[in-house]
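Each chain is listed here by its residues.
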Amino acid sequence: MKEQLDNQLPLKDLENVGLFVGGAITMEWDNLNALKRGNMTDLVELKNVKGEDGFEIEAMEARLSVVDDNGQNKLRIDPIYKDIQKHPLLTDQEHEQLVSGKVANVRKETTDKAGNPTTEIIEFDSLTNQFLSYDPRKLKVPESINNEILPPEKKRKLREGEVITLADGTEVQYRTSDKNGLRSNRSALVLSLLIDGGLSYLLITGIARLLGRESAEEKSYSKGYLTALKEVEKQLERKQSKFPNDKSIANEINVVKHEFSNASAMAPAELNALRAKDADDIENEYNVNDPDQGTAKKVSDEEDEPNQSRGRGR
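Residues numbered from 1 in each chain as written. Predicted model: local features only at pLDDT ≥ 70, side-chain atom pairs only at ≥ 80, totals over all residues. Heavy atoms only, no water.

Asks: Can you explain the nonpolar core? Please cite residues and give values.
Replies: Counting 18 residues, the largest nonpolar core has Leu9, Leu14, Leu19, Ile25 and Leu46 as its most contacted members. Elements supplying a minimum of two residues to this core: α2 (11-16), α3 (29-37), β3 (44-50) and β4 (56-69). Examining the composition of this core, we find that four residues originate from one element, β4, more than from any other. (Core = buried A, V, L, I, M, F, W, Y, C linked by side-chain atoms within 4.5 Å. Buried < 20%, exposed > 50% of the residue type's maximum accessible area, 1.4 Å probe, protein only. Helix = DSSP H or I, 4+ residues; strand = E, 2+ residues; numbered from the N terminus.)

Given below as structure tokens:
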């Protein structure tokens, strides 16, 4: 398990902040998943923080994320700032709107280090009192959400922080400052991600609602969601058969079963119809791919996906 984690997480960096002790990561499961997905954690207590220049802090709270540093995964630490520093690209009005929560993000046209025109999406993180920004070109977005394929235009909007609406009424918005990396009018979503030429299914629960919106659909379960949830279950069962002692896989399977249990109270007829079918008979145009399976059928698209899933900066 350590070898697998070492490929994804900077264990030495985590050890330096007291979160990797005795060969185990001492972090809550949801924050650990956030790191693996390239998102920010919630506020985490760090102990005996050791810096490269020799300084040491006994204890502090900060949000963590894993960033690429010349091809190596490094731990980024975002502490709580006492004072809010204004972002150089924001007007006074935009500053106030972001800090007060009147808007979720602000789009700015700027130039990159090479002088090329680019777009920057700026958000405010109320947990650390700082502005966060990302380059939408570097954001890897799902191929589908709740079993609905995203056309290029919806992918563009999702990258640039706009709210997209699916056929079942599901609304989704990318948020670089959220632990789950997005917000929705649903409390849970299934994403299909293109990895190594095939699709891997990802269940995300505990999603925060869209800014300033309340929805009766928040706890509803669409047919597309339930069908995609079944694909998540199949993928995890295959992994469990290969790694029977991996407790993290068992935890994820329990989350899936809990979602099915919640859904059964909301729409029992639809759920039973899914359960009555053999998993291989569920109509789904995708083949599932994950790191432990062979490469699945590649999904064609009109655009190339960038490899980087993060573009956060200050």
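Now that the structure is up, let's keep going.
Asks: I'd like to hear about the sheet that holds strand β11 (residues 164-165), residue by residue, with values.
Replies: Judged by pairing direction, the sheet is antiparallel, and its three strands sit side by side in the order β11-β12-β13 without closing on themselves. Edge positions in the sheet fall to β11 and β13 (182-184), since each of these pairs with one other strand and no more. Across two bridges, the pairing between β11 and strand β12 (residues 171-174) is antiparallel. When the sheet's bridge partners are listed, Thr165 is paired in β12 with Glu171. (Pairing = 2+ DSSP bridges.)

Asks: Describe the side chain of Asp125, and please don't skip the residues or the numbers.
Replies: Topologically, Asp125 is positioned in strand β7 (residues 117-125). There is a polar contact of 2.6 Å between the side chain of Asp125 and the side chain of Thr128. In contact with Asp125, not counting residues within four places along its chain, are Met40, Arg63, Gln130, Leu132 and Ser177. (Polar contact = N/O pair within 3.5 Å; in protein donor to acceptor, adjacent residues only side chain to side chain. Contact = heavy atoms within 4.5 Å.)

Asks: Give me the lowdown on unusual backbone geometry, citing residues and values where you can.
Replies: The phi dihedral of Asn70 falls on the positive side, at around 55 degrees, and the residue is not glycine. Structurally, Asn70 can be placed in the loop between β4 and β5 (72-79). With a relative accessible area of 78%, Asn70 lands in the exposed category.

Asks: Which residues make up α3, and what values do they have?
Replies: Note that an α-helix has 3.6 residues per turn; residues three or four places apart therefore point the same way. Residues of α3 that are buried: Asn31, Leu32, Asn33, Ala34 and Leu35. As for α3, its buried residues are in contact with α2, β2 (24-25), β3 and β4. Gly38 lies just past α3 and shows a positive phi near 90 degrees.

Asks: Describe in detail the confidence of the model for the protein chain, supporting the description with residues and values.
Replies: Any segment with low pLDDT has predicted coordinates that should not be analysed in fine detail. Across the protein chain, pLDDT averages 81, with 78% of residues at or above 70. In the model, residues 275-311 has pLDDT below 50 throughout and makes 94 contacts with residues more than four positions away in sequence or in other chains. (pLDDT = per-residue confidence, 0-100.)

Asks: Give me the lowdown on helix α5 (residues 152-159), citing residues and values where you can.
Replies: Along α5, the residues that are buried comprise Lys155, Leu158 and Arg159. What you see down the axis of α5 is that its buried residues fit within an arc of 100 degrees, all on one side. In this structure, the buried side of α5 is in contact with β7, β8 (130-134), β9 (144-145), β11 and β12. Looking one or two residues beyond α5, the residue adopting positive phi is Gly161, at roughly 80 degrees. (Arc of directions from axis to C-beta.)

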